[in-house]
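A structural walkthrough
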Amino acid sequence: MKPISHIAKTVPASGIRKFFDIVSQMDDVISLGVGEPDFVTPWRIREACIYSLEKGYTNYTSNYGLLELRKHISTYLNERWGLHYNPENQILVTVGVSEGLDLAMRAILNPGEEVLIPEPSYVSYKPCVLFAGGVPVPLGTTPESGFKVTPEQIAAAVTPRTKALLISYPSNPTGATISREELQAIVDVAREHDLFIISDEIYDRLTYEGHHTAVPELNGAYERTILLNGFSKAYAMTGWRIAYAASTPDVIEAMMKIHQYTMLCAPIMSQMAAIEAIKNCGRECDEMAEEYNRRRRLIVAGLNNIGLDCTIPGGAFYAFPSIKKTGLTSEEFSERLLFEEKVAVVPGNAFGECGEGYIRCSYATGIDQIKIALERMERFVENLGVEGRLKAAGRE
Ligand SMILES: Cc1ncc(COP(=O)(O)O)c(C=O)c1O
């Protein structure tokens, strides 16, 4: 047998999945692992889908997605950020932001072209670039910079082959958010070097401190940005696989062609549900965001109290504490915590090399569960015998 594709063979499977296969075999585990809302999709969204099925909407849609949905997305982007995207040719409905990322890469990259990716980053970014024949170039960030990439870092990494910058604020896994001024400085560098900006804004509605800035709002950004967003997180619709991309007509047409031949269209029932979500479910989103915010404060205070230093994340639903003081690697810490105390977290190195020394704790889990998980983590850290060291480091 001839070998399978070199790229498919060498790209590693997601470190997150490996962990959760183990978790699914165990009882009584509290999972701070999954990046998925613990809420069920609001009822009126589910009802809209049921109603559409009752009416017999079971067909393909336009490759771009239902025009009615694209119009609502266009209105939403306009009302929220003053953006103007023509629903006819500047918006593409995709099967999750996951598909949007893949389409964006394949639409803009020629073989060997580089994409700058601030890390720690969402697990699919590098593979998407590789599968499109590109070269991912990681830019490591630290808590000292608030896990934010700087314009200087970007400028220093640019080569003649650099094609794009992929950013995502609020961030998975760090929860980092960024100010309008900082984002403008990043856009200015991208403009100077004529880079595309792919902006994954899937956590925009889960911003707890200040206001989210959409990248295409900024000076010089609109014509070079591919904005990706979706319904999975804000509307608790992960299983519906529904999202969208907005950009210039040229880019959207290129993405649409790939989508047309590989996906054809997003499922019509999910598109029908998304119309209801975007039209009528802002209040439900805000209520879920308020609940995440309560949990955020609880978990960050709890982690710091245990001695696992954690900066307060401004958005998304992840805390990213340091476990460096324990002397364990991220994987050792996560594996032992799972087997000894039955709490699942994700080792930070799953999100890039600079994630080593950290763990990702998702707070898309009920408050009672978070409290028990914190108790278990405290016991775990104490049993490691590092209590003395943590105290010596100034934590009584
Ligand atoms: C930053 C980020 N982008 C994209 C995705 C994928 O989203 P979707 O469900 O829309 O494919 C996730 C999911 O965890 C994510 O965290």
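Now for a look at the structure at hand.

A few points about helix 9 (residues 249–262)
When the terminal C-alpha atoms of helix 9 are compared, their 20 Å separation across 14 residues agrees well with the 20 Å that a helix rising 1.5 Å per residue should span. For helix 9, the set of buried residues is Val-251, Ile-252, Met-255, Met-256, Ile-258 and His-259. Down the axis of helix 9, the buried side of the element spans an arc of 165°, and every buried residue falls inside it. In helix 9, the exposed positions that point more than 90 degrees away from the buried face belong to Asp-250 and Tyr-261. Buried-residue contacts for helix 9 involve strand 2 (91–94), helix 5 (96–108), strand 6 (196–200), strand 7 (225–230) and strand 8 (243–246). Downstream of helix 9 by one or two residues, Leu-264 has phi in the positive range, about 75°.

A word on the site of the ligand
Neighbouring residues of the ligand: 13 residues in total, closest Val-97, Ser-98, Asp-200, Ser-232 and Lys-233. In isolation the ligand exposes 400 Å². Once the protein is present, 93% of that is buried. By residue number, the principal contributor to the shell around the ligand is helix 5, which donates three residues. In terms of residue class, the shell around the ligand is built from five nonpolar, five polar and three charged.

Here's the deal with the pairing of strand 2
What you see with strand 2 is no split at all: Ile-91 and Val-93 on one side and Leu-92 and Thr-94 on the other are buried throughout. Bridge count for strand 2 against strand 8 is four bridges, and the pairing is antiparallel. Paired with Ile-91 across the bridge in strand 8 is Ala-246.

So, how was this worked out
- Residues numbered from 1 in each chain as written.
- Predicted model: local features only at pLDDT ≥ 70, side-chain atom pairs only at ≥ 80, totals over all residues.
- Heavy atoms only, no water.
- Helix = DSSP H or I, 4+ residues; strand = E, 2+ residues; numbered from the N terminus.
- Expected span 1.5 Å × (residues − 1).
- Buried < 20%, exposed > 50% of the residue type's maximum accessible area, 1.4 Å probe, protein only.
- Arc of directions from axis to C-beta.
- Contact = heavy atoms within 4.5 Å.
- Near = heavy atom within 4 Å.
- Areas by Shrake-Rupley, 256 points an atom, 1.4 Å probe, with all protein chains shown as cover.
- Nonpolar A, V, L, I, M, F, W, Y, C, P; charged D, E, K, R; others polar.
- Pairing = 2+ DSSP bridges.

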